[in-house]
Amino acid sequence: MVGMSDPYRVQNPVNNQVIETFDFISDEELEKALAAADDAFRQWRTASYEDRATVLRKVASLFDAKRDQLAAIITEEMGKPLDQGQAELDDVVDIFTYYADHGAELGADEPLEHEGGRAVLRRVPLGVIVGVMPWNFPYYQVARFAAPAIMAGNTVMVKHAEICPRSSQAIQEIFAEAGAPDGVFTNIYATHDQVASLIADKRVQGVSLTGSERAGRAIASAAGQNLKKAVLELGGTDAYVVLDAEDIDAAAKTAWKKRISNTGQACTSNKRIIVMEDIYDDFVAAMVRIAEGFTQGDPANPGKGEYYPLSSRDAAEKLVQQVKLAVDAGATLHTGGELTGEGAYFTPAVITGIPVGSDSYYEEFFGPVAEIYKVSSDEEAIELANDSNHGLGGAVFSSDIPRAERVASRIETGMIHVNIPQAGGAELPFGGVKNSGFGRELGPLGMDEFVNKQRYYVAE
């Protein structure tokens, strides 16, 4: 639970200094915000797809126009280097544009073959949808949730991470400037107890969470208790399988670039790198060289070959402890894994030999820790990849594409890739299985989550 001692705040992870704090929303203010969102739904649900698209296109253009200011906000809030913040905003613009361009088509009535009457599958908006969003991609995660939900005719209320108060408010201001009616998008500095009360309220028709497995269990429990639709994206321990490599150094660079992106704080990061034994030693040595070549950088002035702070000092301290426990269990730490200074800087780490089946093996290391595992066959690679409580993304690499496809087709995960760490694009559905959650965001499936797929029948 969020307590009064742990408020919404801007706390720069470079030096751990609190820059600004924000009051929690009062119960009275929350009721007023919910009533406004519910009222807005009565109006917004009747708006045409064309009118909704006009608002979403304006939202996209404002994110583009304000990108320097928006990127600077999250650099200070959670330590994202400015260039990666700009890349995140590219994705945000793409998402809002995608649903503006394709929303009418994705939400169109679908005739059903039936004799004796006219049968149609309609996609009818549900109402107010609550989003509980994480700090690692402060704009992108919200766009993934909000763009399809709003394009479908719902209104949304977003409870963002406690360390993202400026970015979450900036999103609400963009919607207002874009001409969205009051209540279509509402940012709330709510406590977890207040989120639970929202889910229980009959005016709220669904909840979407991106976050930890623990948070997912809490939200799913509340949603189930109140018979509300939920979408959960809960992270992963994605398998990244390297079956062969003609250029081992290049393969290691590709793997490292994926692992260090967003300082390793991505749900779909390659958290378990599985390498065939004939190239394993050289691959590990290359990864260690790369990790040791990185130097501490300033996210406000990013450069090449630099690592940046984690989102918070607490996150960095947790990661140090996770690495220590893995070593205590028998793993080998080749390099890194240390805190430096007063902020959240964690030296990039390479670790091998985490015992399969140990607590550490099943945990998600949310930071720049390259876990590497050795296998001796395709079957062993598949078995290891599937020996996970999670199933979000993953990738398989080989110069023999049919071989890579055979392995990839047997990995139990929501998204699997061949010869690319991860494909991107607003048109590609995103989501997982197992403890990585359920439901899908983005693409044509994203607009199908928070709608009533209604059977509409007219007798002839």
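Residues numbered from 1 in each chain as written. Predicted model: local features only at pLDDT ≥ 70, side-chain atom pairs only at ≥ 80, totals over all residues. Heavy atoms only, no water.

(A) Region of the structure containing the overall build of the chain. Check the secondary structure of the chain and you find 15 helices and 24 strands. Relative to the compact-globule value of 23 Å for 460 residues, the chain shows a C-alpha radius of gyration of 23 Å, a close match. Projecting the C-alpha coordinates of the chain onto the three principal axes gives extents of approximately 70 × 60 × 40 Å. Here the chain, with 460 residues, has 56% of them falling under the buried criterion. Carbon and sulfur atoms make up 48% of the accessible area of the chain, which totals about 19,100 Å². In the chain, 41 side chains carry a positive charge and 68 a negative one; their mean positions are 4 Å apart. (Helix = DSSP H or I, 4+ residues; strand = E, 2+ residues; numbered from the N terminus. Rg over C-alpha atoms; globule rule 2.2 N^0.38 Å. Buried < 20%, exposed > 50% of the residue type's maximum accessible area, 1.4 Å probe, protein only. Areas by Shrake-Rupley, 256 points an atom, 1.4 Å probe, with all protein chains shown as cover. Lys, Arg positive; Asp, Glu negative; His and termini not counted. Charge placed at Lys NZ, Arg CZ, Asp CG, Glu CD.)

(B) Main features of the packing of aromatic side chains. By the definition in use, this model includes 16 aromatic pairs. Here Tyr8 and Tyr189 contribute two aromatic rings whose centre-to-centre distance is 5.1 Å and whose plane-to-plane angle is 45°, an arrangement assigned as tilted. One end of the pair, Tyr8, is in strand β1 (residues 8–12); the other, Tyr189, is in the loop between β7 (185–187) and α7 (192–200), with 181 residues separating them in the sequence. Summarising the burial analysis for this pair, Tyr8 and Tyr189 share the class buried. Plain terms: the ring middles of Tyr98 and Tyr99 are 4.9 Å apart, the flat faces sit at 85° to each other, and that makes the pair edge-to-face. Through a chain of ring-to-ring contacts, three or more aromatic side chains come together here, namely Phe63, Phe96, Tyr139, Phe175 and Phe185. The ring centre of Tyr456 lies 5.0 Å from the NZ or CZ of Arg122, which sits over that ring. Here the basic side chain of Arg144 rests over the ring of Phe430, its NZ or CZ set 4.0 Å away from the ring centre. (Phe/Tyr/Trp six-rings, centres within 6.5 Å; stacked < 30°, edge-to-face > 60°. Lys NZ or Arg CZ within 6 Å of the ring centre and 35° of its normal.)

(C) Representation of α7 in the model. Buried within α7 are the following residues: Gln194, Val195, Leu198 and Ile199. Mapping the buried residues of α7 onto a view down its axis gives an arc of 145°, with all of them on the same face. Each element contacted by the buried residues of α7 is listed here: α1 (27–44), β5 (128–132), β6 (155–159), β8 (204–210) and α8 (213–225). (Arc of directions from axis to C-beta. Contact = heavy atoms within 4.5 Å.)

(D) Spatial organisation of a negative patch on the surface. A cluster of acidic side chains, namely Asp23, Asp27, Glu28 and Glu29, defines a negative patch on the protein surface. Among the secondary structure elements, Glu28 is positioned in helix α1. Taking the relative accessible area as the measure of exposure, Glu28 reaches 61% and is therefore exposed. (Patch = residues over 30% accessible without salt bridge, like charges linked within 9 Å, V, L, I, M, F, W, Y side chains within 5 Å. Salt bridge = Lys/Arg side-chain N within 4 Å of Asp/Glu carboxyl O.)

(E) Looking closely at the sheet that holds β7. With respect to topology, six strands assemble into an open sheet ordered β7-β6-β5-β8-β9-β23, the strand pairing being mixed. The open sheet is flanked by β7 and β23 (437–438), the only strands paired with a single partner. Here β5 runs beside β8; their pairing, made up of five bridges, is parallel. Each residue of the ladder has a partner; that of Gly131, found in β8, is Ser208. Across the sheet, α1 lies against β5, β6, β7 and β8, angled at about 150° from β6, the strand it touches most. Strands in contact with α8 are β5, β8 and β9 (229–233); relative to β8, the strand with the most contacts, it is inclined by about 170°. (Pairing = 2+ DSSP bridges. Axes fitted to C-alpha atoms, helices over the stretch in contact; angles between N-to-C directions.)

(F) Spotlight on the layout of surface pockets. If you add up the space inside the largest pocket, you get close to 1,800 Å³. If you go around the largest pocket, you meet 48 residues; those closest to its centre are Trp135, Gly211, Ser212, Ala215 and Lys318. Secondary-structure elements contributing two or more residues to the lining of the largest pocket are β1, α7, β8, α8 and α11 (313–328). In the lining of the largest pocket, the residues fall into 22 nonpolar, 15 polar and eleven charged. (1 Å grid on protein atoms, 1.4 Å probe; cavity = no way out; pocket = protein on both sides within 12 Å on 5 of 7 lines; lining within 4 Å. Points joined across faces, edges and corners; volume = space filled by probe spheres on them. Nonpolar A, V, L, I, M, F, W, Y, C, P; charged D, E, K, R; others polar.)

(G) Structural detail: the environment of Gly211. Counting through the fold element by element, Gly211 comes out in the loop between β8 and α8. The spacing of Gly211 and Leu384 is 173 residues in sequence and 25 Å in space, taken between C-alpha atoms. The contacts of Gly211, once residues within four sequence positions are left out, are Glu233, Leu234 and Gly235.

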